[in-house]
Amino acid sequence: MSILLNLGIVLAAVIGMEIFAWAIHKYVMHGIGWGWHESHHTETDGLFEKNDLYAVVFSCIAAACFIIGSMGHSWLWYVGLGLTLYGVLYAVVHDGLVHRRLPFPRKARGRYMKRLVQAHRLHHAAHTKDGCVSFGFIWAQDVRKLKAELKQNLSRQGRSHQTDIAE
Ligand SMILES: [Zn+2]
Ligand SMILES: [Zn+2]
């Protein structure tokens, strides 16, 4: 297979994973899987949180892609590479820039990175299973739209919130 095709598979896997992660975050983590995800929306002691189990599950899927891919299905190997790349981007943006769980040397720079960070802070503005906005990790909507959506969600729930995302 040509390099271009392989690159295309990696890119498609990264984009596909963002869509998949968005759907899982919105419908599973904030649904039936809240039991694991709740730890990420509340203060927890220690280095790890129950929510990290999702990353373990996704890592197992990537590992399976590498293993099966190396047994004669090379396209799947490149899917595994895309998933791994997504994992790295997730770790940098989410765990590094937003939550500072990794010893990250600098703050978000550039309009797009700042938007990603602000959007995820807005996701955490509602500390509950319902009413949250912005479920993606490497793509985010316009922050003003998210703020308006959050305000609407909270007022529907009869709550008010100060959206403090200055940076
Ligand atoms: Zn969440
Ligand atoms: Zn988060």
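Residues numbered from 1 in each chain as written. Chains lettered and ligands numbered in written order. Predicted model: local features only at pLDDT ≥ 70, side-chain atom pairs only at ≥ 80, totals over all residues. Heavy atoms only, no water.

Draft legend 1. Spotlight on the pattern of salt bridges. For the structure shown, the criterion picks out three salt bridges. Put simply, aspartate 95 and arginine 101 hold a salt bridge, and the shortest N to O gap is 3.6 Å. On the basis of relative accessible area, aspartate 95 is assigned to the buried category, the value being 14%. Connected via shared salt-bridge partners are Asp52, Asp95 and Arg101. (Salt bridge = Lys/Arg side-chain N within 4 Å of Asp/Glu carboxyl O. Buried < 20%, exposed > 50% of the residue type's maximum accessible area, 1.4 Å probe, protein only.)

Draft legend 2. Looking closely at a positive patch on the surface. Judged by side-chain charge, Arg100, Arg106, Lys107, Arg109 and Lys114 come together as a positively charged surface patch. Within the secondary structure, arginine 100 sits in the loop between helix 4 (74-98) and helix 5 (111-123). (Patch = residues over 30% accessible without salt bridge, like charges linked within 9 Å, V, L, I, M, F, W, Y side chains within 5 Å. Areas by Shrake-Rupley, 256 points an atom, 1.4 Å probe, with all protein chains shown as cover. Lys, Arg positive; Asp, Glu negative; His and termini not counted. Charge placed at Lys NZ, Arg CZ, Asp CG, Glu CD. Helix = DSSP H or I, 4+ residues; strand = E, 2+ residues; numbered from the N terminus.)

Draft legend 3. View of the coordination of the zinc ion (ligand 2). Coordination of the zinc ion (ligand 2) by the protein is provided by His40 (NE2), His94 (NE2), His99 (NE2), His120 (NE2) and His124 (NE2), with metal-donor distances spanning 2.0 to 2.3 Å. We note that the donor set of the zinc ion (ligand 2) lies within a single chain, spaced as H-x53-H-x4-H-x20-H-x3-H. With histidine 99 in the loop between helix 4 and helix 5 and histidine 124 in the loop between helix 5 and helix 6 (143-156), this residue pair connects regions lying 25 residues apart in the sequence. Look at histidine 99 and you get partly exposed, because its relative accessible area is 26%. Take histidine 124: its relative accessible area is 13%, and that puts it in the buried class. (Donors = N, O, S within 2.8 Å, 3.2 Å for Na, K, Ca; no water.)

Draft legend 4. Region of the structure containing the packing of aromatic side chains. Applying the stated rule across the entire model yields six aromatic pairs. A centroid spacing of 4.9 Å and a plane angle of 80° characterise the contact between tyrosine 90 and phenylalanine 137, whose relative ring orientation is edge-to-face. On the criterion of sequence distance, the pair formed by tyrosine 90 in helix 4 and phenylalanine 137 in the loop between helix 5 and helix 6 is long-range, its members being 47 residues apart. On the basis of relative accessible area, phenylalanine 137 is assigned to the buried category, the value being 10%. One aromatic cluster is present, formed by Phe66, Trp77 and Tyr78 through successive ring pairs. (Phe/Tyr/Trp six-rings, centres within 6.5 Å; stacked < 30°, edge-to-face > 60°.)

Draft legend 5. Structural context of the coordination of the zinc ion (ligand 1). Only His25 (NE2), His30 (NE2), His37 (NE2), His41 (NE2) and His123 (NE2) from the protein coordinate the zinc ion (ligand 1), and they sit 2.1 to 2.3 Å from it. In the primary structure, the donors to the zinc ion (ligand 1) are separated according to the pattern H-x4-H-x6-H-x3-H-x81-H. Remark: histidine 41 occurs in helix 2 (residues 34-41) and histidine 25 occurs in helix 1 (residues 3-32); sequence separation between them is 16 residues. Judged by relative accessible area, histidine 25 falls into the buried class, the value being 0%. Taking relative accessible area as the criterion, histidine 41 reaches 4% and is therefore assigned buried.

Draft legend 6. Region of the structure containing a nonpolar patch on the surface. Where nonpolar side chains cluster on the molecular surface, the patch consists of Trp36, Leu53, Val56, Val57 and Ile61 and spans about 380 Å² of accessible area. Tallying contributions element by element places helix 3 (residues 52-69) first for the nonpolar patch, with four residues. Checked against the element boundaries, valine 56 lands in helix 3.

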